[in-house]
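Single-letter residue listing:
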Amino acid sequence: MKRPIAISDSANFYVSAERIFDPALKNVPVIVLSNNDGCAVARSDEAKALGIKMGEPLHLLRDKIKAHGVKVFSSNYTLYGDISRRVVEVYEDFTPNVEIYSIDECFLDFGGFKDRTEHARAMRREVLKRIGVPVRVGIAPTKTLAKCANDIAKKNPIFAGVLDMMDDTLADWLLPMVPVGDIWGIGRKTDAKLRQLGIRTASDLRAMPLRQARAVGTVVLERTVLELQGEPCLAFDDVEPQRKGMAVTRSAGQPMTDFDTVFQAVSAHVTRAAEKLRQHGLVAGALTVFFHTNRHRKDRPQYAGSRSTRIMPMSCDTFELVRAARRCADAAWPKGKTAKYGFTKAGVMLDDLLPIEDRPRTLFDAPRSKNGDAMRALDLINDRFGKKTMVLASEGMKRPWQLRADHRSPRYTTRLSDLPIVR
């Protein structure tokens, strides 16, 4: 018997999260913007009907927004992350194994349920009741087929948000309706190559010879063909794979022209990365700091700086990582330059990650262990009272480098001061 794999995703997730706390947004065109309020990254169905495209810059939408009363929101990642966590908690009541794929998508183990469709419908009702977010569910013997089923359920109201495609006969009927470019893992270049060969649908790709698939798109496309044929090639991860590295990067709300401002941004990114390390029980063995100007501004002087260092002993201590970042930032800063640079992005990358219990021990571990209590206290305070309640002085106070978010909604679920008030 093939193992049923489901994938559940939230409809227009960022928009749906905003609508939870503002019923007036229902049936109204809504868009959510990218970092620095640059372009549309989420659109309600009403906004899509107006012709607003994914990634369309905000400055090109001004007239349409005014003419049609489009509601505009800045990305509220704190809110979206917390709503996503709550949705996953509901999923965990309906299946023993949940694999988080993205902020709005999860693979679910549906093995052992007799009526999978009814089980999925009950799960949808519970998510809507407890969280207020509509979700769609696709079920199939492989992840790629499950994604296809989810896409079909999303676009065809006859399935009422749930499609069980475990039956090969049903797959034979429905796969010709899925454009090859919509298949999970098929990018634009591969799509163009396949169309030149006359392969236009998921059904066409499923019938493609494996040797030819490997020649066109390497082993990746070959696995996609096998998955469309019902042969699982992408394992269901019952246990989250260990991270090998992580990065925290941000574009600046305004150009950063001096070292102190750039390092304040770097320090904030290191602090966030250190928190993530501790959340996952990891330590880092290498750190890289980088910052650069806007590459698209040919009328401005350009500079990109980057330096790396080893962390010995391996650590998740915020103080130690910030000290290492300072060394890297000093080394990467332009020396002897007369031009005034406007740095628009900075970030930090951590590599060589290991579980904290597996880190190599050194003679210098014991004297440094006193910072453990300080890190726990820092995390507890920020977890209880909200992020950035307590920060290192190196992050600064005014933070001119912070992202623009002129249309951000309150962080309803994570800040006491932002709790919705019923009058």
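Definitions and cut-offs
- Residues numbered from 1 in each chain as written.
- Predicted model: local features only at pLDDT ≥ 70, side-chain atom pairs only at ≥ 80, totals over all residues.
- Heavy atoms only, no water.
- Pairing = 2+ DSSP bridges.
- Helix = DSSP H or I, 4+ residues; strand = E, 2+ residues; numbered from the N terminus.
- Contact = heavy atoms within 4.5 Å.
- Phe/Tyr/Trp six-rings, centres within 6.5 Å; stacked < 30°, edge-to-face > 60°.
- Lys NZ or Arg CZ within 6 Å of the ring centre and 35° of its normal.
- Domains from an automatic or database assignment.
- Expected span 1.5 Å × (residues − 1).
- Buried < 20%, exposed > 50% of the residue type's maximum accessible area, 1.4 Å probe, protein only.
- Arc of directions from axis to C-beta.
- Core = buried A, V, L, I, M, F, W, Y, C linked by side-chain atoms within 4.5 Å.
- Axes fitted to C-alpha atoms, helices over the stretch in contact; angles between N-to-C directions.

### Focus: the pairing of strand β3 (residues 40-43)
The side chains of a regular strand alternate between both faces of the sheet.
And then number 1: As paired elements, strand β2 (residues 30-33) and β3 share three bridges and run antiparallel to each other. Paired with Leu-33 across the strands is Ala-40, a residue of β3.
And then number 2: Connecting β2 to the next strand, β3, in antiparallel fashion are six residues, including Asn-36 with a positive phi near 60°.

### A short note on the environment of Cys-39
And then number 1: Residue position: Cys-39 is located in the loop between β2 and β3.
And then number 2: Residues Cys-39 and His-59, spaced 20 residues apart in sequence, show a C-alpha to C-alpha distance of 8.2 Å.
And then number 3: Setting aside anything within four residues of it in sequence, one finds Cys-39 in contact with Val-32, Leu-33, Ser-34, Gly-55, Glu-56, Pro-57 and Leu-58.

### Brief notes about the packing of aromatic side chains
Aromatic rings in a pair are described by how distant their centres are and how their planes are angled relative to each other.
And then number 1: A complete count under the given rule lists 17 aromatic pairs for this structure.
And then number 2: Taking the centre distance of 5.7 Å and the plane angle of 65° together, the rings of Tyr-101 and Phe-107 count as edge-to-face.
And then number 3: Taken together, the aromatic side chains of Phe-259, Phe-263, Phe-291, Tyr-303, Trp-333, Tyr-341 and Phe-343 make up a single cluster linked through ring pairs.
And then number 4: Its end group placed over the ring of Phe-107, Lys-143 keeps NZ or CZ at 4.7 Å from the ring centre.
And then number 5: Directly above the aromatic system of Phe-263 lies the positively charged group of Arg-326, at a separation of 5.1 Å from the ring centroid.

### Considerations on the domain arrangement of the protein chain
And then number 1: Per the domain assignment, the segments making up the protein chain are domain 1 (1-165), domain 2 (167-241) and domain 3 (246-395).
And then number 2: Each of domain 1 and domain 3 has a C-alpha centre, and the two are 33 Å apart.

### Describing helix α5 (residues 116-130)
And then number 1: Between its terminal C-alpha atoms α5 stretches 21 Å, which fits the 21 Å expected from 15 residues at 1.5 Å a residue.
And then number 2: Of all the residues in α5, the buried ones are His-119, Ala-120, Met-123 and Val-127. Along α5, the residues classed as buried sweep out an arc of 95° about the axis, all on the same side.
And then number 3: As for α5, its buried residues are in contact with β1 (5-10), α4 (77-91), β6 (105-109), β7 (135-140) and β8 (162-164).

### Some points on the nonpolar core
What tends to happen in soluble globular proteins is that the nonpolar side chains get buried as a cluster.
And then number 1: With 37 residues, the main nonpolar core has Val-266, Leu-277, Leu-287, Val-289, Phe-291 and Leu-350 as its most contacted residues.
And then number 2: Elements with a minimum of two residues in this core: β9 (245-256), α11 (259-279), β10 (282-293), β11 (304-315), α12 (318-332) and β12 (343-351).
And then number 3: Sorting elements by how many residues they give to this core places α11 first, with nine residues.
And then number 4: Setting aside chain neighbours within four positions, we find Leu-287 in contact with Arg-307, Ser-308, Thr-309, Ile-311, Leu-321, Ala-324, Ala-325, Cys-328, Val-348, Met-349 and Leu-350.
And then number 5: Counting 33 residues, the second-largest nonpolar core is a separate cluster that includes Ala-17, Phe-73, Tyr-91 and Val-137.

### So, the sheet that holds strand β4 (residues 71-73)
And then number 1: Sheet architecture is open: three strands sit in the order β3-β2-β4, paired in mixed fashion. Looking at the sheet topology across the chains shown, the edges are occupied by β3 and β4. Shown here is a sheet whose adjacent strand axes are inclined to one another by a mean of 25°, direction ignored.
And then number 2: Strands β2, β3 and β4 of the sheet are contacted by helix α1 (residues 13-20), whose axis makes an angle of about 110° with β2.

### Overview of the environment of Gly-55
And then number 1: Tracing the backbone through its elements, the reader meets Gly-55 in the loop between α2 (45-49) and α3 (62-68).
And then number 2: Given the relative accessible area of 37%, Gly-55 is considered partly exposed.
And then number 3: In sequence terms Gly-55 and Asp-22 are 33 residues apart; their C-alpha atoms lie 24 Å from each other.
And then number 4: Setting aside chain neighbours within four positions, we find Gly-55 in contact with Cys-39 and Ala-40.

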